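# Structural description and commentary
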Amino acid sequence: MGADHTRPAPPTPPGVRRLLVAVVVPLFALTVIAALVLWPRQDREPIGGADVPRYHGTVTRVVTEPCPPTPEAPDGGGGPCGTVTVTAEQGPDAGRQVETPIPAGPGAPRVAVGDEVVLVELTDPADPAVKSYNIAEHQRGTPLIWLMVLFAAAIVAFGRWRGLAALGGLVASFAILLGFVLPGIGAGQPPLLVAIVGAALIMFVVLYLTHGITAQTSVAVLGTLGSLVVTGVLGLLATSATHLTGFGSEDATTLSMFQGDVDLHGLLLAGIIIGSLGVLDDVTVTQAATVTELAHANPGLSRRQLYRAATRVGRAHIASTVNTIVLAYAGASLPLLLLLVADSRPVSEILTSEFLAQEIVRSAVATLGLIAAVPLTTGLAAIVTTAGRRSRGAEPAPPAARPPAGRDDALEALGGGRSTEAAW
């Protein structure tokens, strides 16, 4: 999250709290009801056939040898060739040493003595009694666990209770994604609707868990929800105008072969929604906190002044975040971008191709939704803050009501003139 203001905000008057509750609670209830309606009722059978047995083992010996000649390489090129001896730790041959060929081909793991690897057991179709082993990949469980421990420890050490709450929100986000969004889309539900409902669930859980149940958080929730709807509508219009089909990547094409009933166009929109959520949370929480801090620092600011001052902060935030969005999408699509750079077609054809147009639409729609979040959240926060101030009867006269001479005196003070001397 982009804003973490540990100083408690001024108490919100009962009338403002009741109004926020009357708006937020029905929206949360509607989100939960929609999630229950869209919840997948049956488990889809796994794709790709039966699972190949996989066992852990440790490499004890690697022997390389010249590759035999082939029609493609008469001189015996290619490879690497040879055998790897592995001590099996699981399966029917646990404790024994088994031999496998050296992994070869694109993306094959490079093994050395002492490496912990994953073995796959292969059965000869002609004779099921004959079995052999191949090395599939390295074991990554232990380093990943230590990395996650370091990740969690750093967050808790720096953020303390707030960091612990952020970890809880992260767990909740993955639980909703893996338990509702992905199974719902896989079960044939409309991807865009599932993504909006799932993103709303994540938003409610993460924001209130991380930042507490306050009026400031409720403003951020409303701003995020409104921006998600804007992002969804803009994404629908943009993908329709550019005639994107969703077949903009090899992964999408492969998915269509295994699950032909998945709406890839809707899946593209769902990806835009989910990808925008984290940045939207950052912006809306920051804007709500900015308005609260400005009002706390200068109670004399009017609603319009609060809005203008916080919007200036939002503009600076957006200017840096837009670059973050584009670079994030570019980083996730580097192989695709490299492939397009090597393409011999004219630049105009490359930019308008399905592959690159999809990434352009993702970045543009996410940015537009982000821009919409600033005035929406800032306006709501300014209304709530000033409404609470008036209801307490503690709003001082705004600076605009001061006589013109006050402004001249201030300017003269800034310039080191008579007013500065008087102040000392």
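Preceding this paragraph is the structure being described.
Per chain, the residues get numbers from 1 upward, laid out in the order the sequence is written. Local features in this predicted model are restricted to residues of pLDDT 70 or higher, and side-chain atom pairs are both shown and tallied only at a pLDDT of 80 or more, whereas totals for entire chains, interfaces and linings draw on every residue. Processing note: side-chain calculations cover all non-hydrogen atoms of the structure and skip hydrogens and water entirely.

### Overview of the pattern of salt bridges
- We define a salt bridge as a side-chain nitrogen of Lys or Arg found within 4 Å of a carboxyl oxygen belonging to Asp or Glu. Going through the model one piece at a time under the given rule, you end up with 5 salt bridges.
- Here glutamate 121 and lysine 131 are joined by a salt bridge, their closest N and O atoms 3.6 Å apart. With glutamate 121 in strand S4 (residues 116-123) and lysine 131 in strand S5 (residues 131-138), the pair connects residues that are 10 residues apart, well separated along the chain.
- Each residue is placed in one exposure class: buried if its accessible area under a 1.4 Å probe, protein chains only, is under 20% of its type's maximum, exposed if it is over 50%, and partly exposed if it falls in between. Under the relative-accessibility criterion, glutamate 121 is labelled buried at 9%.
- Linked through salt bridges whose partners overlap, the residues forming this network are Arg54, Glu137 and Arg140. Each helix is a run of DSSP H or I of at least 4 residues and each strand a run of E of at least 2, with the numbering of both proceeding from the N terminus.

### Topic: the state of the cysteines
- When the sulfur atoms of two cysteines come within 2.5 Å, that pair is taken as a disulfide. Enumeration according to the criterion identifies 1 disulfide in this entry.
- Sulfur-sulfur distance for the disulfide between cysteine 67 and cysteine 81 comes to 2.0 Å. Its S-S torsion of about 110° marks the bond between cysteine 67 and cysteine 81 as right-handed, since a negative value means left-handed. Of the two residues, cysteine 67 sits in the loop between strand S1 (54-65) and strand S2 (81-88) while cysteine 81 sits in strand S2, which places them 14 residues apart along the sequence.
- A relative accessible area of 12% places cysteine 67 in the buried class.

### Points about the pairing of strand S3 (residues 97-101)
- Residues Val98 and Thr100 line the buried face of S3, whereas the alternating positions Gln97, Glu99 and Pro101 sit on a face that is not buried.
- Only when DSSP finds a minimum of two bridges between them are two strands counted as paired. When S2 meets S3, the two strands line up antiparallel, connected through 5 bridges. Each residue of the ladder has a partner; that of threonine 83, found in S3, is proline 101.

### Focus: the pairing of S4
- One ladder, built from 5 bridges, connects S1 with S4; its direction is antiparallel. Directly across from glycine 57, in S4, lies its bridge partner valine 117.
- Where S4 meets S5, 7 bridges bridge the pair, whose relative direction is antiparallel. Across the sheet, residue leucine 119 finds its bridge partner in S5, namely isoleucine 135.

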